[in-house]
Amino acid sequence: MDPAELELPTDAQGPRPPPSALSEPDAQVHSAGGDSGTMSHDTEIDMKEVELSELDPEKQPMAAGAEKNGLVKAAGGTEPAVSAKFTGLSKEELLAAAGGRGWARARTALLLLFWLGWLGMLAGAVAIIVRAPRCRPLPTQSWWHRGPLYRVGDARAFLGGAGQLEDLQGHLEYLSTLKVKGLVLGPIHKNLKDDLAGTNLQLIDPALGSQKDFNSFLQVAKKKSIHVILDLTPNYQGKNSWFLPEQANATATKVKEALSFWLQAGVDGFQVQNVENLMDASSFLAEWENITKSFSKDKLLIAGTNSSDLQQLLSLLESTKDMLLTSSYLSSFSPTGEHMKLLVTQYLNNTAGRWCSWSVSQAGLLTSFVPAQLLRLYQLLLFTLPGTPVFSYGDEIGLQAVNLPGQPAEAPVMPWNEPSLPDTSGSMGSNMTVKGQNEDPSSLLSLFRRLSDQRGKERSLLHGDFHVLSSSPGLFSYVRHWDQNERFLVVLNFGDVKLSAMLGASALPASARLPAQADLLLSTQPGREKGASLELGSLSLGPHEGLLLRFPYEA
């Protein structure tokens, strides 16, 4: 038979490749195993070839005869092409290169630059610290240093003419809006008129409530951060607040026992009035302050007097350290700028180093001592002097006492809404009520709140230094400043005509020198734009106008 006519065996996958396509080992297997063995083995080889063809070329096994390390066998049997593959330097070669002169010099230069840069930064930091102005240490302050005190001598009148201690809790939120730090309450103890035996300083007047009511009031006040100062003036309903002179020792003993009792109950301080009528007042005040402070350094004693004589006031203060004194020292129905300047500077000079308090009386209203056109000016004055401002209820709205003919003077009723009592003066209206002024941004109440808020958040006004300026006759002007904080300039015109300020600042330290311009924080009169920059060289004030200006610290 002709060899060309021979047919190659086939399997299920198709014709078998020609013998020339078989590798030598495969041919041997085929010849030795017969047809059956050949078909099985060839099928296995074909399946492997399909699987290999589906793999990524880079993942396929290297073909037989291929070379590694960059040697690729050329197609067609030509000589393999050689491509160099970088394998890096050995450890010995790297060490030999690093030890060369060039690299050694480079390392030395870089190390030197690093240390020079580090030392330069260190020297710069030290220079900044040394040249920077040092901050003054803050003074130790208690709660009565940080805001005004608010006196409620007659709780019923404050409540609107009727009410008890439990009703007083509802007005604590109002006091919070005034930024009040302390409420001076009372007297509210049981007092039979001119009867020492029937007076009990440790018992709440039953007409006002019970001990339980008072304790509840104390807890609510503490939650609102309002400290309660209890007035213990013994015979407050009688002719002499301290009974008869021969009863002074017995009265003082009652006060001493009451101090311990109420301190245990949780009050934050005490007030006694009319101490000028108390025999040997200085020694008694010193003893009572010791009792108060021995319980806690954060407790306060306030003494009140009707005196306006500076020497008498100093004698009351000399035996105490932290006691506050309210008096009629600043009361004057026709004050001038020069007179107010003299009063303030004399008081501060004679009480140097002592924390002061400022008021126009020990218990009365501002309107009883200050003309209506000067009420705003006095509010600005009391809030910006160095010390604690002390007000009576109603001072924030200009409340006036009403004295009916033939009748004893009574505490004026606080007009929360429309007045419930007939207006005998004919001047009472909605603009004189708390509600009416609360809705008016230009009201006296709004001014009070702004001043109280400003004082509470500025260190220069809280505890800053005080320097009086020279100015035009009729004006009283001064600067308040503290360390690197904003400075405040206060200019007050007590006269009834417009005046040019003509400020002089020769006595000011360099750190508080006046700039050419200052920003207006507020004016007691309408018409001024808040935040306006005013030229101090040409500053003028209207009649009864007060200005509060601020300017930044400059090193």
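Residues numbered from 1 in each chain as written. Predicted model: local features only at pLDDT ≥ 70, side-chain atom pairs only at ≥ 80, totals over all residues. Heavy atoms only, no water.

1. A short note on the overall build of the protein
Our working definition: To qualify as a helix, a DSSP run of H or I must reach at least 4 residues; to qualify as a strand, a run of E must reach at least 2; elements of each kind are numbered from the N terminus. Exposure is judged per residue with a 1.4 Å probe applied to protein chains only, and the accessible area is read against the type maximum: over 50% gives exposed, under 20% gives buried, and values in between give partly exposed. In what follows, residue pairs with any heavy atoms lying within 4.5 Å of each other are defined as contacts. Accessible surface is estimated by sampling points in the Shrake-Rupley manner with a 1.4 Å probe; for residues, cover comes only from the protein chains shown.
Assigned secondary structure in the protein consists of 15 helices and 22 strands. Scored against the burial criterion, the 555 residues of the protein give a buried share of 42%. Residue pairs at least 24 apart in sequence account for 67% of intrachain contacts in the protein once pairs closer than 6 positions are excluded. As displayed, the protein offers around 29,600 Å² of accessible surface, 55% of which is attributable to carbon and sulfur atoms.

2. Brief notes about the pairing of strand β17 (residues 487-493)
Counted only if it meets this: Two strands make a pair as long as DSSP finds a minimum of two bridges between them.
In terms of burial, β17 is a largely internal element, seven of the seven residues being buried. Burial along β17 is two-sided: the face carrying R487, L489, V491 and N493 and the face carrying F488, V490 and L492 are both buried. Here six bridges tie strand β16 (residues 475-481) to β17, and the two strands are oriented antiparallel to one another. When the sheet's bridge partners are listed, L475 is paired in β17 with N493. Counting the residues between successive antiparallel strands, the hairpin from β16 to β17 contains five residues, one of them, D483, with a positive phi of roughly 50°. In this sheet, strand β22 (residues 546-551) lies alongside β17 in antiparallel orientation, the contact comprising six bridges. The residue bridging V490 from the neighbouring strand is L548, located in β22.

3. Structural notes on helix α9 (residues 281-295)
The test is simple: One less than the residue count of a helix, multiplied by 1.5 Å, gives the span that helix is expected to have.
For α9, built from 15 residues, the straight-helix expectation of 21 Å at 1.5 Å per residue is met to within 8% by its first-to-last C-alpha distance of 22 Å. All buried positions along α9 are accounted for by A281, F284, L285, A286, W288, E289, I291, T292 and K293.

4. A look at the UniProt feature "transmembrane region" (unreviewed entry) in the protein
Counted only if it meets this: UniProt positions are given in the numbering used here, feature names are shortened, and annotations may be inferred rather than shown by experiment.
In the numbering used here, UniProt assigns the feature "transmembrane region" (unreviewed entry) to residues 109-130. Annotated as 100% helix and 0% strand, the span residues 109-130 places its first and last C-alpha atoms 32 Å apart.

5. Here we look at the pairing of strand β6 (residues 182-185)
Going residue by residue along β6, you find G182 and V184 tucked away on one face and L183 and L185 tucked away on the opposite face as well. Sheet topology note: the strand β5 (residues 149-152)/β6 ladder contains four bridges and is parallel. The residue bridging Y150 from the neighbouring strand is L183, located in β6. One ladder, built from four bridges, connects β6 with strand β9 (residues 227-231); its direction is parallel. Considered in β9, the bridge of V184 is made with I229.

6. Some thoughts on the pattern of salt bridges
Counted only if it meets this: Any Lys or Arg side-chain nitrogen located within 4 Å of an Asp or Glu carboxyl oxygen qualifies as a salt bridge.
Here the structure, examined in full by the defined rule, presents nine salt bridges. The closest approach of N and O atoms between K179 and D453, which form a salt bridge, is 4.0 Å. One end of the pair, K179, is in the loop between α6 (172-177) and β6; the other, D453, is in helix α14 (residues 444-457), and 274 residues separate them in sequence. Judged by relative accessible area, which is 39%, K179 ranks as partly exposed. The closest approach of N and O atoms between R550 and E486, which form a salt bridge, is 3.9 Å. You can see R550 sitting in strand β22 and its partner E486 sitting in the loop between β16 and β17, a full 64 residues away along the chain.

7. Observations regarding the sheet that holds strand β14 (residues 388-392)
Under the convention used in this document: Axis geometry follows a simple rule: fit a line to the C-alpha atoms, using only the stretch in contact for helices, then measure angles between N-to-C directions, giving values from 0 to 180 degrees.
Spatially, the eight strands line up as an open sheet ordered β12-β11-β10-β9-β6-β5-β14-β13, and their pairing is parallel. The sheet is open, and its two edges are formed by β12 (324-326) and β13 (357-358), each paired on a single side. One ladder, built from two bridges, connects β13 with β14; its direction is parallel. The residue of β14 that forms the bridge with S357 is T388. The sheet contacts of helix α7 (residues 211-223) involve β6 and β9, and relative to β9 the element is tilted by about 145°.

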